[in-house]
Amino acid sequence: MSEQSIYALFTNVCEKHAGKVAYRYKTDGLWNDVTWRDNREMCKKISKSLMALGVGKDDKVNILSNTRPEWVQVDIATVSIGAVIVGIYASNLPEDCAYIINHSDAVLLFVENQQQLDKILQVQKDLPKLEHIILIDGNPPADASEVIGWADFLAKGKQVSDEAFDARTDEVQPGDLASIVYTSGTTGVPKGAMLTHENLLFTSWSAAECLALKPHFETLLFLPLVHVFARIIVYFCLRDAV
């Protein structure tokens, strides 16, 4: 295991297999392919847009969504610039979402659709540190200036240079915090488990040393990406693709 960060592992795959399919996802009954080249470009756009909105090193970014390509891309983009990704189960009630947002000190939240946004708007008055909400699908409400649509969000990154982006990725160290995973099934409120880049890299490397998964295999991910096992599968498959 030689990578310094998750971003280093990710770029290694993207450079070696730029034209190959990274992910397939279904919309309206049809499968859509995303190449490693296109995936890397999208992650870079998301990273730059986060930077444009002032997300700094160690800042917490929440995502409230079911499993979908944007979840993985937001994850990679966030940790690439030294920020910390924190998932929230899409099935959580508004009050439960508010607890994780506040407990993690999140400054920005991605929501999948209007249904998830409505939950957040119900408790918005109790979220003093949350500065921006990014709506992945649909149009933001006219009376909610802090909610930004996906296309408008991606456009904000155009003002950030490649040099500034590269400088942020170069700063990330193995011991830096990458994610906080809130436990399920415990007594009381969820507990936040703090995971570094090194934690996630080692676990994915260890799995790759034990499991005989080949580069031509395809993995069907059905777990919610907020679950740490699903995240390890994603990072494990980055290794397997190499």
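Residues numbered from 1 in each chain as written. Predicted model: local features only at pLDDT ≥ 70, side-chain atom pairs only at ≥ 80, totals over all residues. Heavy atoms only, no water.

A. Representation of the packing of helix α2 (residues 36-52) against helix α7 (residues 162-171) within the structure. Put simply, α2 and α7 touch, their axes get as near as 10 Å, and they point 90° apart. The orientation of α2 relative to α7 falls into the category roughly perpendicular. Where α2 approaches α7, its residues Lys-44, Ser-47, Lys-48 and Met-51 are matched on the opposing element by Asp-162, Ala-164, Phe-165 and Arg-168. Of the residues contributing to the contact of α2 with α7, the split by class is three nonpolar, one polar and four charged. (Axes fitted to C-alpha atoms, helices over the stretch in contact; angles between N-to-C directions. Helix = DSSP H or I, 4+ residues; strand = E, 2+ residues; numbered from the N terminus. Parallel < 35°, antiparallel > 145°, perpendicular 65-115°, else oblique. Contact = heavy atoms within 4.5 Å. Nonpolar A, V, L, I, M, F, W, Y, C, P; charged D, E, K, R; others polar.)

B. Structural context of the environment of Leu-121. Residue placement: Leu-121 occurs in helix α5 (residues 114-122). The exposure class assigned to Leu-121 is partly exposed, which follows from its relative accessible area of 28%. With near-sequence residues (within four places) excluded, Leu-121 lies in contact with Pro-141 and Glu-146. (Buried < 20%, exposed > 50% of the residue type's maximum accessible area, 1.4 Å probe, protein only.)

C. Molecular detail of the pattern of salt bridges. Tallying each qualifying case throughout the model produces 14 salt bridges. Measuring nitrogen to oxygen at the nearest pair gives 3.8 Å for the salt bridge that ties Asp-58 to Lys-57. You can call Asp-58 partly exposed: its relative accessible area is 36%. You can call Lys-57 partly exposed: its relative accessible area is 35%. Here Glu-112 ties to Arg-68 by a salt bridge, and the two come within 3.2 Å at their closest N and O atoms. Of the two residues, Glu-112 sits in the loop between β5 (106-111) and α5 while Arg-68 sits in the loop between β3 (60-64) and α3 (69-80), which places them 44 residues apart along the sequence. You'll find Glu-112 and Arg-68 in the same group, each marked buried. Residues participating in the shared-partner salt-bridge network are Arg-68, Glu-70, Glu-112 and Asp-137. (Salt bridge = Lys/Arg side-chain N within 4 Å of Asp/Glu carboxyl O.)

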